[in-house]
Amino acid sequence: MNRLFRRFAALVLLAVTLATLLIYLVFRMLFGDPLEQIATRQAAGQIFLLEQYIDKAPSDEWLVRLNKVREVSDTRLELLPLAGALAALPPGRHADLQRGAIVVDVAGKSFYRRVDLNGARYIDSDAEVIHAQQLPIDIGEALGMEAIRFGIVALCLLLPIGWWSRRHWHGLLALSRVAEEYGRGQLDARVQLPASSSMGPLAARMHEMAGRIAGLLDARKHLLHSVSHELRTPIARLEFGLELLRAAAADPALEQRIVAMEGDVDELKALVSELLELTRLDHAQSMRRQPFALNPLLREQVDACGQALRAGTRGLRLDDDVDAALGTMEGDRRLLARALANLLGNGVKYAAKRIALTASRDGAGNVRIVIADDGPGIPPEAREQVFEPFYRLGREQDLTAGGYGLGLAIARKAVQLHGGAIAIEQSALGGAAFVVTLPAGAAL
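Note that the structure is a prediction, hence the values are computed from the model and not measured.

Visitor: Please clarify how the side chain of D373 should be interpreted in this entry.
Guide: Within the secondary structure, D373 sits in strand β9 (residues 367-373). In this view, D373 contacts G347, A351, R354, I355, S427, L429, G430, G431 and A432; residues no more than four positions away in its chain are not counted.

Take a look at the structure:
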């Protein structure tokens, strides 16, 4: 049985149990103890003998008839002092015994009753109690009947609840599978449920939601793709016009202006390329997987970053500690190289003097790559937002660092397509540490 049914079953059983207990308490308060009433009915023959045979005897024959009943009955009939009987009964039953009522002791299978209230049977008979023992009282049978009644009621409740919850659970499982497919980007997934299903309205709402999200994503994709491609044409025209101006320019001031304009065009080209790459990754359901060695890939990125640092003027130092036994992994080598290049480039932008790259395997076989710097770091509250496209921290270092806010978004998407993840931690150098984890399943 499914978990939903088990919870319903436990709830119903608890409710029936509590209802039974409540009914017992209410009946006991209004009409007396039901168990005592059952015991009284089972001991009706002995009570009849006492009230209709022994008590009907004249005063001088009362004890004679009592002894006759003792001889022929399996029930033990004893006479006790009133004080002893009161001591044997709970305080709540003393008043009943004092007024001459029959007080049944269910557990002891007996009952108590005063001989009389005025001493008319014999001398001091009002100070004695007749104690009838070994009565044919069997509460177990009554309790068994109640248990059967309880079981039938519970079964009649659980069967329809089980049938309903099973259908309900199948609908939930179908919706859960569709939700997982939505999470993987398959927004065209649909679930077909019977018209009578209780999950039908929810499924319809989910389908409408997925349709609207798919429409928005398609519109975003087409917009970015169209804008990026449309920008290429005017950029190409600007490049062509700048070349013509350069060929005709003789004024050094104009030459400097042309160089500045070419720099602006190069930035536009880079932005368009980044947008196209991000759009491609956002809508990539899979990628071409081929085995490649990790160590040479990391060494290439370290060497390329080192060459860029040596060509720069900031005097940055790049330290690396790459495990030579990283082995190979299956994936897109170019895509992973792009992600590492973006992370190293981010370190170059913000580092004060030093960047460090370490790569190793952990105990579970996962590949762990850490790129750290000694820059200003990233506040904890912004460590998720920096991976969003075009997000920039409003700090002076971010405004002067340049870029478009797409590099980290591309890096994260590339790592996720390999089944990995990127996290930002506080670097031991004082700045930010980007921790890339590639699962053992991808790393061979």
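That shown, we press on.
Visitor: What is the right way to look at unusual backbone geometry in this model?
Guide: If a residue is not glycine, its phi is most likely negative; likewise, a peptide bond is most likely trans. Non-glycine residue K109 carries a positive phi angle of around 50°. Within the element layout of this structure, K109 appears in the loop between β2 (103-105) and β3 (110-114). Despite not being glycine, Q134 shows a phi value in the positive range, around 60°. As for its placement among the helices and strands, Q134 is situated in the loop between β4 (128-133) and α7 (139-183). Overall, Q134 belongs to the partly exposed group, its relative accessible area being 49%.

Visitor: Any chance you could explain the environment of I424 here in plain terms?
Guide: With respect to the secondary-structure elements, I424 resides in strand β10 (residues 421-426). As a C-alpha pair, I424 and V435 span 11 residues in sequence and 6.1 Å in three-dimensional space. When residues no more than four places from it in sequence are discounted, the contact partners of I424 are I378, R383, V386, F387, A432, A433 and F434.

Visitor: Which parts of the structure should I look at to understand the confidence of the model for the protein?
Guide: Reading predicted coordinates in detail is not appropriate for stretches of low pLDDT. Considering every residue of the protein, the mean pLDDT works out to 80; 81% of them sit at 70 or more. By mean pLDDT, the top-scoring element of the protein is β3 (94), and the lowest-scoring one is helix α12 (residues 396-401) (56).

Visitor: Any chance you could explain the sheet that holds β9 here in plain terms?
Guide: Strand pairing within a sheet occurs via backbone hydrogen bonds; the two strands may be parallel or antiparallel. Taken in spatial order, the 5 strands of this open sheet run β6-β8-β9-β11-β10, and their pairing is mixed. A strand with exactly one partner marks an edge of an open sheet, and here the two such strands are β6 (317-322) and β10. Pairs of neighbouring strands in the sheet enclose a mean axial angle of 15°, with direction left out of account. Lying over the sheet, helix α11 (residues 333-350) contacts β8 (354-361), β9, β10 and β11 (432-438), oriented at roughly 25° with respect to β9.

Visitor: Would you mind going over the sheet that holds strand β1 (residues 76-81) with me for this structure?
Guide: With respect to topology, 4 strands assemble into an open sheet ordered β1-β4-β3-β2, the strand pairing being antiparallel. Every interior strand has two partners, whereas the edge strands, β1 and β2, have only one. Strand-to-strand twist across the sheet, computed as the mean angle between neighbouring axes with direction ignored, equals 25°. Where helix α4 (residues 62-72) meets the sheet, it contacts β1 and β4, and its direction lies at approximately 135° from that of β1.

Visitor: In this structure, what is going on with the environment of H168? I would like to understand it.
Guide: Among the structural elements, H168 can be located in helix α7. With a relative accessible area of 15%, H168 lands in the buried category. Taking the C-alpha atoms as reference points, H168 and M199, 31 residues apart in sequence, are found 7.0 Å from one another.

Visitor: I'm lost on a nonpolar patch on the surface in this one. Help?
Guide: Residues L22, I23, V26, F27, M29 and L30 make up a contiguous nonpolar surface patch of about 620 Å² in total accessible area. Examined against the element boundaries, L30 turns out to sit in helix α1 (residues 3-31). For L30, a relative accessible area of 55% gives the class exposed.

Visitor: What is the right way to look at the side chain of N342 in this model?
Guide: Residue position: N342 is located in helix α11. The exposure class of N342 is buried, given its relative accessible area of 15%. A distance of 3.1 Å separates a polar side-chain atom of N342 from the backbone oxygen of G407. Setting aside residues up to four positions removed in sequence, N342 forms contacts with G407, I410 and A411.

Visitor: Is there a simple way to explain the pairing of β8 in this structure?
Guide: Regular strands have side chains that alternate between both faces of the sheet. In terms of strand pairing, β6 meets β8 through 6 bridges, oriented parallel. The partner of R317 across the bridge, within β8, is R354. Here β8 runs beside β9; their pairing, made up of 7 bridges, is antiparallel. Paired with I355 across the two strands is D373, which belongs to β9. Following β8, the chain reverses through 5 residues before pairing antiparallel with β9; G365 in that reversal takes a positive phi of roughly 90°.

Visitor: Teacher, can you tell me more about the pattern of salt bridges here?
Guide: Side chains bearing opposite charge may pair, as long as their charged atoms lie close to each other. Within this structure, the stated rule accounts for 12 salt bridges. In this structure, D55 engages R113 in a salt bridge whose closest nitrogen and oxygen atoms are separated by 2.5 Å. With D55 in the loop between α3 (44-54) and α4 and R113 in strand β3, this pair connects stretches of sequence that are 58 residues apart. Exposure remark for D55: the relative accessible area of 16% places this residue in the buried category. A salt bridge links D96 to R99; its shortest N-O distance comes to 2.5 Å. The class for D96 is buried, based on a relative accessible area of 17%. Relative accessible area serves as the criterion here: at 54%, R99 is assigned to the exposed category. One salt-bridge network, held together by shared partners, links E36, R93, D96 and R99.

Visitor: Explain helix α10 (residues 294-311) to me, please; I cannot follow it from the model alone.
Guide: Every α-helix carries 3.6 residues per turn, so stepping three or four residues along brings you back to the same face. Relative to the 26 Å expected for 18 residues at 1.5 Å per residue, α10 spans 26 Å between its end C-alpha atoms, a close match to the ideal helical length. Within α10, burial applies to L294, L297, L298, Q301, V302, C305, G306 and L309. Taken end-on, α10 shows its buried residues confined to a sector of 170°, consistent with a single buried face. Opposite the packed face of α10, turned more than 90 degrees from it, sit the exposed residues Q307, R310 and A311. On its buried face, α10 is in contact with β5 (290-293), β6, β7 (328-331), α11, β8 and β9.

Procedures and definitions
Residues numbered from 1 in each chain as written. Predicted model: local features only at pLDDT ≥ 70, side-chain atom pairs only at ≥ 80, totals over all residues. Heavy atoms only, no water. Helix = DSSP H or I, 4+ residues; strand = E, 2+ residues; numbered from the N terminus. Contact = heavy atoms within 4.5 Å. Buried < 20%, exposed > 50% of the residue type's maximum accessible area, 1.4 Å probe, protein only. pLDDT = per-residue confidence, 0-100. Pairing = 2+ DSSP bridges. Axes fitted to C-alpha atoms, helices over the stretch in contact; angles between N-to-C directions. Patch = residues over 30% accessible without salt bridge, like charges linked within 9 Å, V, L, I, M, F, W, Y side chains within 5 Å. Areas by Shrake-Rupley, 256 points an atom, 1.4 Å probe, with all protein chains shown as cover. Salt bridge = Lys/Arg side-chain N within 4 Å of Asp/Glu carboxyl O. Polar contact = N/O pair within 3.5 Å; in protein donor to acceptor, adjacent residues only side chain to side chain. Expected span 1.5 Å × (residues − 1). Arc of directions from axis to C-beta.

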